[in-house]
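In case you want the letters, here they are:
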Amino acid sequence: MLEFHMIAKRDVTFSALGFFRINSSLIGSIIGAGITYVVILLQYGK
């Protein structure tokens, strides 16, 4: 169980050509914005 916790807490970071870092926080924000966009489209699409 401890090994799983250590793997889950590992900070994985990618770089977008050195301009900015893509980490789990940014990925979560992008997913949240995408879901919000889809919900708004569904509400106004009818």
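Residues numbered from 1 in each chain as written. Predicted model: local features only at pLDDT ≥ 70, side-chain atom pairs only at ≥ 80, totals over all residues. Heavy atoms only, no water.

- The Subcellular location (unreviewed entry) field of the UniProt record for the protein holds the comment "Cell membrane". (UniProt positions renumbered as here; feature names shortened; annotations may be inferred.)

### Points about the overall build of the protein
Thought 1: Along the backbone of the protein there are two helices and two strands.
Thought 2: Its helices and strands taken in sequence order, the protein reads α-β-β-α from the N to the C terminus.
Thought 3: Taking all 46 residues of the protein together, the buried fraction comes to 2%.
Thought 4: Accessible surface, the protein: about 4600 Å² in total, of which carbon and sulfur atoms supply 69%. (Helix = DSSP H or I, 4+ residues; strand = E, 2+ residues; numbered from the N terminus. Buried < 20%, exposed > 50% of the residue type's maximum accessible area, 1.4 Å probe, protein only. Areas by Shrake-Rupley, 256 points an atom, 1.4 Å probe, with all protein chains shown as cover.)

### What about the UniProt feature "transmembrane region" (unreviewed entry) in the protein?
Thought 1: As recorded in UniProt, the sites labelled "transmembrane region" (unreviewed entry) are residues 20-42.
Thought 2: Taken end to end, residues 20-42 is 83% helix and 9% strand, and its two terminal C-alpha atoms sit 32 Å from one another.

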